[in-house]
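Chain by chain, the residues run as shown.
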Amino acid sequence: MAEPRQRTVLRHARATARHPLALAGKIVASVVSVAVVSTLGIAAIAVADISHNVQANSQVHLVQQKDAGQSAPPVTKSIQPEATALAGAFNVLLVGTDTRTGQGAQFQNKADLKASSGAGNNDVTMLLHVNAAHTAATVVSFPRDLVIPIPSCPSPKGGWYSAMSAQMLNTSLTYGGLTCPVLTIEKLVGIDDINYAAEISFDGVAQMSDAVGGVPVCLATPINDPYVGLKLPAGISTIQGQEALAFLRSRHGVEDGSDLARISNQQNFLSSLLRTITSAGTLSNPIKLYQLAAAATENMTLSDTMGDAKTMVGMAVALKNIPLSQITFVQYPVLTDPSNPNRVIPDTYGARILDEAIQNDQPVVLSASTGRGTVVAPGSTSSPTPTSTGSTGTTPPATGTASAPPGDVTLSKNATGQTAAQETCTKGVTGRAGE
């Protein structure tokens, strides 16, 4: 194994079983909820309870480059958070694993056990970037089957694993735990300041969807996925609990059954969750707000940089005034791997535009609505800014055609997604929808 290098390191205090769920939505939801709960002053005991959850689940230590190899500094944690915005831009890496260990009997059937890798792979990896002006947020979903270089990562047993030139992204969690996905995404995007990270458990999304009284989702066609026990009709369904969890886990029931289709399906749910959270019925109900914040914070394992409730509240204050139309969910631009049709590789041109936007702290504008698994809902009025760039692969778009606001970056057509304000509908698998 290679010698340690001066890079950002996340050290696990203990191993925990987690699963890919509504990661970005839960982070946004939880920090906004904590802030509102605190500022409304529901009760000191409520704030203290949520603060306790945050502190108790802060298990991953981040070491900055200048501190690599040194012992962890003491962390001072306060019970009563102050409602002050976190200064400047910030990045949060959100990771979920495919492990079934410790996740309950409902995930121990033959299909789940076969899919489990024990320690778990990072089958969902999302990067949340909030700009310095706190006027826009970008949530990037990285496909699990993305083949990219994996940098040298620390081993839990000491030393470092050697770098690898081409591996699937979802294997990075097995090399040094959460540290390795952080280092891998930093290398891929060209940044070195992912200072916050989190993992989410199975039960969290079910409890959060219960806390808001269910999340309405739109289906363009029926979904029938026996692998996760999900059967929903076409139209609007309000889902919560285990049904919401199944909706987020479903891959075989969505369009072409690919992970790319599932990403679009998850964006459908996340945008609806955020719209539900910011609705008057939720924001004006302190009990719902407390239940939402508690459900999120007690089901996350956080880096210790997020272990102070003040940090969570600081993120919330930074996020709470961002319009839903400026919270953009985007799938990292990819192309089919020429050496393996079941894998994908970065779309060099499209990825560079997105990477540079994050590097330069610029808001993004989608040129292509939704992705493989969803379509724009009938009557939706919150579409991305239309442009005629429409480019994929390595061919640049036509110049002078983008209609993005000054300072914003128009993404390539291969960077699919939606804003949190936009309503979309999930497409079921052709040939299975009516079963």
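Residues numbered from 1 in each chain as written. Predicted model: local features only at pLDDT ≥ 70, side-chain atom pairs only at ≥ 80, totals over all residues. Heavy atoms only, no water.

A. Examining the state of the cysteines more closely. Considering all chains together, one arrives at two disulfides under this definition. Through a disulfide, Cys153 is tied to Cys180; the S-S separation comes to 2.0 Å. Where Cys153 bonds to Cys180 through sulfur, the torsion about that S-S bond is close to 70°, and the disulfide is right-handed. With Cys153 in strand S7 (residues 153–154) and Cys180 in helix H4 (residues 179–189), this pair connects stretches of sequence that are 27 residues apart. Neither residue differs from the other here; Cys153 and Cys180 are each classed as buried. There is a disulfide in this structure between Cys218 and Cys425, and the S-S distance comes to 1.9 Å. Residues Cys218 and Cys425 are joined by a disulfide whose S-S torsion is about 75°; by sign, that bridge is right-handed. With Cys218 in strand S11 (residues 215–219) and Cys425 in strand S23 (residues 424–426), the pair connects residues that are 207 residues apart, well separated along the chain. Accessibility classification places Cys218 together with Cys425 in one group, the buried group. Among the cysteines of the protein chain that take part in disulfides, numbered as they appear in the sequence, the pairing is 1-2, 3-4. (Disulfide = S-S within 2.5 Å. Helix = DSSP H or I, 4+ residues; strand = E, 2+ residues; numbered from the N terminus. Buried < 20%, exposed > 50% of the residue type's maximum accessible area, 1.4 Å probe, protein only.)

B. Molecular detail of the packing of helix H6 (residues 241–249) against helix H7 (residues 259–277). Where H6 contacts H7, the two axes come as close as 8 Å, and the packing angle between them is 145°. Contacts from Ala244, Phe247, Leu248 and Arg249 in H6 reach Arg262, Asn265, Gln266, Asn268 and Phe269 in H7. Split into classes, the residues belonging to the contact of H6 with H7 amount to four nonpolar, three polar and two charged. (Axes fitted to C-alpha atoms, helices over the stretch in contact; angles between N-to-C directions. Contact = heavy atoms within 4.5 Å. Nonpolar A, V, L, I, M, F, W, Y, C, P; charged D, E, K, R; others polar.)

C. Representation of unusual backbone geometry. Look at His134: it is not a glycine, yet its phi comes out positive at around 60°. One non-glycine residue, Glu255, lies in the positive phi region at around 40°. With respect to the helices and strands, the residue Glu255 is situated in the loop between H6 and H7. Residue classification places Glu255 among the partly exposed residues on the basis of a relative accessible area of 22%.

D. Up close: helix H11 (residues 348–359). Helix length check: H11, at twelve residues, gives a terminal C-alpha distance of 16 Å against a target of 16 Å (1.5 Å per residue), a fit within 8%. Taken as a whole, H11 has its buried residues at Tyr349, Gly350, Ala351, Ile353, Leu354, Asp355, Ala357 and Ile358. (Expected span 1.5 Å × (residues − 1).)

The values are spatial; any link to function lies outside them.
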